[in-house]
Amino acid sequence: MNTFVQQIINFLQLGSIYALCALSFTMVYGVARLVNFAHGSIFGVSMYVLFFASTYLFNVIESTWLVYVISLVISCIVTSLIALLLERVAYTPLRNAPKVAVVVSSVGAGMVIEYLILNIAGSKALRMPSLIPNIKFDLLGVSVPLYKFMIIIIAIITMVVLNIVIKKTKLGIAMRAVSQDRVAAGFMGIQTSKVVSASFVFGAIIAAVAASLYGTAYSIFAYDVGESIIWWSFIAAVLGGIGSINGAVLGGYIIGAISVLAPIILPVSSYKDIVAFAVLIIVLLVKPTGLLGKKGIEKI
Amino acid sequence: MNTKNRERSDPILKVEDLYVSYGKIAALRGISFEVHKGDIVAMLGANGAGKTTTLNALTGVVPVKSGSISFKGKTINNLPTSKITTMGIVHVPEGRRIFPDLTVGENLRIAAYLYENKDKDLYLERRENVFKLFPRLEKRVNQLGGTLSGGEQQMLAIGRALITGGEILLLDEPSMGLAPMLVKEILNTVKKIAEDGQTIMLVEQNAMLAMDIASYCYVLETGEIVYEGTSDYIRSQKKIAEVYLG
Ligand SMILES: Nc1ncnc2c1ncn2[C@@H]1O[C@H](COP(=O)(O)OP(=O)(O)OP(=O)(O)O)[C@@H](O)[C@H]1O
Ligand SMILES: [Mg+2]
């Protein structure tokens, strides 16, 4: 019973982080139809901004919550600005170029950002300060740290808010319109390039939230933290149907479940990667658009 | 519409010597035309004549190679589409291009993108008007655009444009792919919209029906305007009808 509850919580925690990462990754694809391979580096930037901001703020502010909120806001702002710069430099000039050029340019831009981080912050691993008060409480006889709950709750709140924004607000409907037919969106008076930029900002903000949760869960990170994140986000997003918001969430939780279950069932923990790939390949064979992806249309 | 009127007022849309090409292929070769306030002007021509290209050049979807497009006295060559829409040219494209995964209601709401925050009442008023013109849309507000029938999609495309609202409405083959009964219905509605004072530029292959509602027509052939005149004049010229209008 104890380990069962623990595993459920571990699954929810990990799944929530993957789900947010996949969401942040899928945003840009959903609106702009381009795979943003530099997104992992954007995640890395969020980690470092969060690290430096919170480390500094803990010297001047007492409350952990306040430090968390302020450093998250700073991280969201910096990350968004870098995402906008990335769009301007690596994507906008290639608007009419073949897709492969955009892939090359996004991989390159990601490497540039990663090397910048390496040069500025060095190669040694860092430990994220605890951004959530270190309290434990009791759930069905299991002692659970508060941060695990908060990760799940913050992730869910982020997903719900994003859903409302996309479903109900003018900007959200405009994003869906641009994703479905960019030319026709122009006929509605929508400045489509601004809406695409907004998708980069959304992706960056979600990445910053995800980074804060990742940092809380795993604390130790280094300059290449984004590499495995982007990889798993990509797999989760494709599994769920790239461009689909619900698909990203579903894919994230499936990857989370595999990561928790595989080590229990299989003898070697690294088999998790193999299982994840096997699942991905089987899903894509049966449904090439991913679990919730639709053909050609509805990408967000 | 009579020729007198054309001479009296300044046109709101004036196109001079417009060239557009796709790579090496010249799609428009120096066409000139004008649209006056309150008119329905038709542009007729066979497949591939350049009708869609003309409208796309007007709204910045394809680049203008040379010539000038002026709207209310301002040159609008190669401005971004959204800017042109904002200035008051609203385009109902060929193939309707409604947003398939937005509901009918969302399709209409996004058409008010430019002013929804500032003037919600205007949006509601225009939407009421659209529902009066096309009662079938009101019953289907929660249905996805992509699940509408072709006729309903055309109604939605026109309704959307009426909500965006502009001084001139560009309609690209609203009759395409519709049953004859429905074609009549749609074109009658277009006429009704024009009677409310809306200026319209109508592109059609279905020349006979277009001439019924248009006051002035241009006939396009492989990127050039070969005839122009009032609908009565074009109709009276048997030779034109035989050769160009099928
Ligand atoms: N994107 C494009 N690339 C290359 N050529 C094009 C493109 N769009 C149109 N053309 C060519 O330009 C010419 C004019 O096409 P256009 O679509 O304007 O004709 P149309 O009069 O609207 O025809 P239809 O009645 O079939 O819609 C045609 O010869 C067409 O093949
Ligand atoms: Mg056409």
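Whatever comes next refers back to the structure up there.
The residue numbers shown here count from 1 along each chain, following its written sequence. The order in which chains are written sets their letters, starting at A; the order in which ligands are written sets their numbers, starting at 1. Per-residue local features of the predicted model are confined to residues with pLDDT of at least 70, and side-chain atom pairs are confined, for both listing and counting, to 80 or more; whole-chain, interface and lining totals are unaffected and use all residues. Where side-chain values are given, they derive from all heavy atoms of the structure, hydrogens and water being excluded.

## Let's talk about the nonpolar core
Across soluble globular proteins, nonpolar side chains have a tendency to be buried as a group. We define the nonpolar core as a collection of buried residues of types Ala, Val, Leu, Ile, Met, Phe, Trp, Tyr and Cys that are connected through side-chain atoms lying within 4.5 Å of one another. When a residue's accessible area, from a 1.4 Å probe over protein chains only, is under 20% of the maximum for its type it is buried; when over 50% it is exposed; and in between it is partly exposed. Membership of the largest hydrophobic core comes to 147 residues, with the highest contact counts inside it found for Ile190 of chain A together with Ile110 of chain B. Setting aside its immediate chain neighbours within four residues, Ile110 of chain B contacts Lys170, Ile173, Ala174, Ala177, Met188 and Ile190 of chain A together with Phe99 and Leu102 of chain B. Phe33, Ile76, Ile168 and Met201 of chain B belong to the second-largest nonpolar core, a separate cluster that totals 29 residues. By definition in these notes, contact holds between two residues if any of their heavy atoms fall within 4.5 Å.

## Focus on the packing of helix H6 (residues 170-180) of chain A against helix H8 (residues 192-218) of chain A
All names here are of chain A. The interhelical angle for the contact between H6 and H8, taken along N-to-C directions, is 110 degrees, at an axis separation of 10 Å. Taken together, the axes of H6 and H8 are roughly perpendicular relative to one another. Contact residues: H6 offers Leu171, Ala174, Met175 and Val178, while H8 offers Thr192, Val195, Val196, Ala198, Ser199 and Phe202. Grouping the constituent residues of the contact of H6 with H8 by class yields 8 nonpolar, 2 polar and no charged. To define axes, lines are fitted to C-alpha atoms, for helices over the stretch in contact only, and angles between the resulting N-to-C directions are given on a 0 to 180 degree scale. Helix and strand labels come from DSSP, where a helix needs a run of H or I of at least four residues and a strand needs a run of E of at least two; each type is numbered from the N terminus. We call two directions roughly parallel when the angle between them is under 35 degrees, roughly antiparallel when it is over 145, roughly perpendicular when it lies between 65 and 115, and oblique otherwise. Amino acid classes used here: Ala, Val, Leu, Ile, Met, Phe, Trp, Tyr, Cys and Pro are nonpolar; Asp, Glu, Lys and Arg are charged; the rest, including Gly, are polar.

## Here we look at the site of ligand 1
Residue and element names in this part refer to chain B. Whether a residue is near a molecule or strand is decided by its heavy atoms; if any one of them lies within 4 Å of it, the residue is near. Near ligand 1, the surroundings consist of 13 residues, among which Asn47, Lys51, Thr52, Thr53 and Glu94 are the closest. N or O atoms within 3.5 Å of each other form a polar contact, as long as, within protein, one can give a hydrogen and the other can take it, and as long as residues adjacent in sequence are counted only when both atoms are side-chain atoms. Take Gly50: an N or O atom from its main chain is 2.9 Å from an oxygen atom of ligand 1. Expressed as a share of its isolated accessible area of 630 Å², the protein-covered part of ligand 1 is 61%. At 3 residues, the largest contribution of residues to the shell around ligand 1 is made by helix H2 (residues 51-58). Broken down by class, the residue content of the shell around ligand 1 amounts to 4 nonpolar, 6 polar and 3 charged. Using a 1.4 Å probe, the Shrake-Rupley method yields the accessible areas, and only the shown protein chains count as cover for residues.

## Observations concerning the interface of chain B and chain A
Facing 22 residues of chain B, the contacting portion of chain A comprises 23 residues. Here chain B and chain A share an interface that buries about 2200 Å² over both sides, 62% of which is from carbon and sulfur atoms. If you sort the residues of chain B by the area they bury against chain A, Phe99, Asp101 and Tyr113 of chain B come out on top, with a joint share of 31%. Criterion for a salt bridge: a side-chain nitrogen of Lys or Arg within 4 Å of a carboxyl oxygen of Asp or Glu. Where chain B touches chain A, the interface holds 2 salt bridges. The partner of Arg97 of chain B in a salt bridge is Asp181 of chain A, with the nearest N and O atoms 2.8 Å apart. Seen at the junction of chain B and chain A, the total is 6 residue pairs in polar contact (both at pLDDT 80 or more). Broken down by secondary-structure element, the contributors of at least two residues to the side of chain B that touches chain A are helix H3 (81-87), helix H4 (104-111) and helix H7 (150-164) of chain B. No other element matches H4 of chain B, which puts 4 residues into the side of chain B that touches chain A. Split into classes, the residues belonging to the side of chain B that touches chain A amount to 9 nonpolar, 7 polar and 6 charged. Two parts placed together each lose some accessible area under a 1.4 Å probe, and adding up what both lose gives the buried area.

Geometry only, nothing functional implied.
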